[in-house]
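If you want the building blocks of each chain, they are given just below.
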Amino acid sequence: MCEDPMLPESVAGALRDYGRLLDRHGITWGEPEIHYVKLFGVRGVLPPQLMDRFWGLAFTRLADRHPGASVMELGARLDEPDYDELLRDTLEGRLPGSLAALRITDEGVRLEGAPRTTLGEAPTVSLLVDSWRDGPVRVEAAGRRRELRAAGAWLVEVRPDSELTVDGVPVCLRRLVRTVPSARLRLSAGLPCRWSVFGADGQGWFPEGAPRRHDFHGLPYFHGDDLVLDVPADTLTVTVTRGMEYGEALTAVTLSPGQEHTVRLTPRRRYDAAARGWYGGDLHVHLNWAGDHVATPAEAAAVQLGEDLHVLNLLAGNVSGSRVYDRDALEQWMGADLPWSDATHVARMGLEYRNDLLGHVYAFGQAKPPERFHTGFAGEADWPPNAEALRELRRSGALLGYSHPFGQPVAESDPPKRLMRPVARNCAARELVADAALGLVDSLDVLTHADIAATAVVYRRLLGAGNRLAVTAGTDTMLSFTRLDRQSSPPGWARVYARVDGPLSAASFAEAVRRGRTFATTGPWLELSVEGHGPGAVLDLERGARVEVTARTEGPAVEELRLRTADGVVAVSEGPVVSASLEPGEATYVLAEAVGGPSPESMTGLTYALTSPVHLDVEGRRVARREDVLWCLEWLEALEGLVRGHAVLHAPGQLDDHLALLERAREVYRARLSGV
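Predicted, not measured: the structure shown is a model, and the values here were computed from it.

Q: Describe the overall build of the protein chain, and please don't skip the residues or the numbers.
A: When helices and strands are tallied, the protein chain shows 14 helices and 38 strands. Against the compact-globule benchmark of 26 Å for 676 residues, the protein chain has a radius of gyration of 26 Å, which places it among compact chains. Scored against the burial criterion, the 676 residues of the protein chain give a buried share of 60%. Relative to all contacts within the protein chain whose residues are 6 or more apart in sequence, the contacts with residues 24 or more apart total 72%. In the form shown here, the protein chain has an accessible surface area of approximately 26000 Å², with 48% of it arising from carbon and sulfur atoms. The distance from the centre of the 73 positive side-chain charges to the centre of the 93 negative ones in the protein chain is 1 Å.

Encoded structure:
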């Protein structure tokens, strides 16, 4: 029997193991429950706009429990609160459409929430068990048992036919569903696309066997073409798109019981990046990373083609323990394109090197796996510094960049120490400033599920201090989660576009990124020209020379187009074009930035695009803006304090290695400050 090229036995065996982990442990797959693992179930039902309130409540509860503790000390205790109770209190009695509630009071119990429409099967429902009794309550649901403390809560997955008891008294769950007659719907676009089918209540419908994925806005979606699905005999909305280079086509259909209805709908192309020599990629996507679903390579293929995503980097990585998910796939296809790749779609297995204190790094195009994939988990030391892994990965040919760098707001005037708090181990890219100075990273994922505006502030500081980094995008989409706000959105909702010489390949794309020939975007197209040169160019000017700069944008929701140098914004336009004539007295850089508000097409809270810079050297000197270099040196001081105070180290020499790295980086910045 021939082996399936999409699913060789080593990979199939790993997927079977993941299925057993999911069956045994649920959404965490048995991972050590540090704070972001505990959050998995909550994030599946809590609207993203309420996350700030959730964390505010968490810190308030911790401060009440530990009076006098510092913010950093509280941040180290984020695994203490009961996250189900925090979910209940964050919602303040409101229920998102994906959630039902069982309220337990002294008077009895009541079910709340709109019933799910069903064609006869018993769907899984997220149920928030919410006790308002002064004493403990015993609850059994779907074979699981929990004793809730006074005013406790429990988020549990049930089916309408699940057995549920409260203090031994049965509760019927059948009102959580309504059964309706069925019809069949056939969908055709003529090419692979992303589809959404939903009713007036927002409930989605999917082809048999398709993962029931939902995006940042809660919209259900799936991928493919010429698809058939069972749906209610009702009026439904059908939408189709194909990633950010296409608009959305929409129609409404009314179906009769027992009949099949065909919808032919094709999205309209907005722009054709490949025809212009640009290819868009998502450098940070996971196939499996715990979750409510075991994802297969075939699903990744359907997603990439359905989003017309030119480059897909599927990362092997750990969660909170030692298990490295998709390591078998990485070793199976190391250094080779994945089986569905073609002339305009390249997929590779990469890896995410992870340390929660120092930051996470994506690797793309490496020739061999690293000696280690992570440090600082499950009792490991935070050693060696990330720099050691970066050197090893670079020797194997990897393109490297820091991922989801910063998740909290940062203003231009904020000191670096703001980014060292309130949680020491929060995945922020703390070692970035040192590794950039030493030339160990190629890019920074400014466009991520984290705080884009904050990361852009840090990116500009790094550029102004003389570091040459490309802007990139990595969504951190996890195909094994079907509902997890941004991370269950489709890969490529943010993309880095790279201008490639010749045919697309993993090598040509990586080289274009290394040369800084990129822009990153949530949707808008963005161009920058400095004397006819695009992003990544280095112009060596004589003092007093003048350059003409133009930026252009097209696409949805842009409200303002800006030109920036190391000294700040130099030109602004509310239209699609902005120009400026510059006479830089000192070395600087120029980049373009397009900004807008929230958009239904953006899987984050804003519309945004940013180019890598054109570097304007003056008489052979690169930019080294004093304020930015001093800011980076201040960062290194703050990082040293963080490492001394919070790193897990098993031997004195391990601290010495961190301090030696920081000192080498300081030497680089001091040399730039002195003009050497």
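Q: How would you summarise the side chain of Thr607 if you had to cite specific residues and measurements?
A: Inspection of the secondary structure assignment puts Thr607 in strand β37 (residues 607-611). Polar side-chain contacts of Thr607 include one of 2.9 Å to the backbone oxygen of Gly597. What Thr607 contacts, discounting residues up to four positions off in sequence, is Thr522, Pro524, Pro556, Ala557, Ala594, Val595, Gly596, Gly597, Ser599 and Ser602.

Q: Residues and numbers for the nonpolar core, please.
A: In terms of nonpolar packing, the biggest core is built from 132 residues, with Leu432, Phe509, Trp635 and Tyr669 touching the most fellow members. The element best represented in this core is helix α13 (residues 626-646), accounting for ten residues. With residues up to four places along the chain from it excluded, the contact list for Tyr669 reads Val433, Ala437, Leu462, Ala465, Asn467, Val629, Cys632, Leu633 and Leu636. In terms of nonpolar packing, the next biggest core, distinct from the first, is built from 28 residues, Leu539, Val547, Leu563 and Val590 among them.

Q: Would you mind going over empty space enclosed by the protein in detail, with residue names and values included?
A: By the definition in use, this model includes one cavity of 30 Å³ or more. As a volume, the largest cavity reaches approximately 40 Å³. Lining the largest cavity we find Leu287, Pro297, Leu314, Ala329, Trp333, Leu338, Trp340 and Met349. Among the residues making up the lining of the largest cavity, the classes are represented as eight nonpolar, no polar and no charged.

Q: Explain the pairing of strand β23 (residues 359-364) residue by residue, including any values.
A: For β23, a buried count of six out of six residues is recorded, marking the element as mostly surrounded by other parts of the structure. Residues of β23 alternate between two faces, with Gly359, Val361 and Ala363 on one and His360, Tyr362 and Phe364 on the opposite face, all of them buried. Between strand β22 (residues 346-355) and β23, which pair antiparallel in sequence order, lie three residues. Here four bridges tie β23 to strand β24 (residues 399-402), and the two strands are oriented antiparallel to one another. The residue of β24 that forms the bridge with Ala363 is Leu400.

Q: Go over the layout of surface pockets, please, and point to the residues and values.
A: Approximately 1500 Å³ is the volume found for the second largest pocket. Lining of the second largest pocket is provided by 45 residues; of these, Trp55, Gly407, Gln408, His449 and Ala450 occupy positions nearest its centre. Those elements giving two or more residues to the lining of the second largest pocket turn out to be α2 (35-38), α3 (40-43), α4 (51-65), β22 and α11 (452-464). If you tally residues by element for the lining of the second largest pocket, the top one is α4, at five residues. Among the residues forming the lining of the second largest pocket, the class breakdown is 22 nonpolar, 13 polar and ten charged.

Q: Just give me the short version of the pairing of strand β38 (residues 614-618), but keep the residues and values in it.
A: Extensive coverage of β38 is indicated by the burial of five of its five residues. The two faces of β38 match: Val614, Leu616 and Val618 on one face and His615 and Asp617 on the other face are all buried. Relative to β38, strand β31 (residues 538-541) is paired through four bridges, and the arrangement is parallel. Looking across to β38, one finds that Asp540 is bridged to Asp617.

Definitions and limits used
Residues numbered from 1 in each chain as written. Predicted model: local features only at pLDDT ≥ 70, side-chain atom pairs only at ≥ 80, totals over all residues. Heavy atoms only, no water. Helix = DSSP H or I, 4+ residues; strand = E, 2+ residues; numbered from the N terminus. Rg over C-alpha atoms; globule rule 2.2 N^0.38 Å. Buried < 20%, exposed > 50% of the residue type's maximum accessible area, 1.4 Å probe, protein only. Contact = heavy atoms within 4.5 Å. Areas by Shrake-Rupley, 256 points an atom, 1.4 Å probe, with all protein chains shown as cover. Lys, Arg positive; Asp, Glu negative; His and termini not counted. Charge placed at Lys NZ, Arg CZ, Asp CG, Glu CD. Polar contact = N/O pair within 3.5 Å; in protein donor to acceptor, adjacent residues only side chain to side chain. Core = buried A, V, L, I, M, F, W, Y, C linked by side-chain atoms within 4.5 Å. 1 Å grid on protein atoms, 1.4 Å probe; cavity = no way out; pocket = protein on both sides within 12 Å on 5 of 7 lines; lining within 4 Å. Points joined across faces, edges and corners; volume = space filled by probe spheres on them. Nonpolar A, V, L, I, M, F, W, Y, C, P; charged D, E, K, R; others polar. Pairing = 2+ DSSP bridges.

Interpretation note: all reported values are geometric properties and have no functional meaning in isolation.
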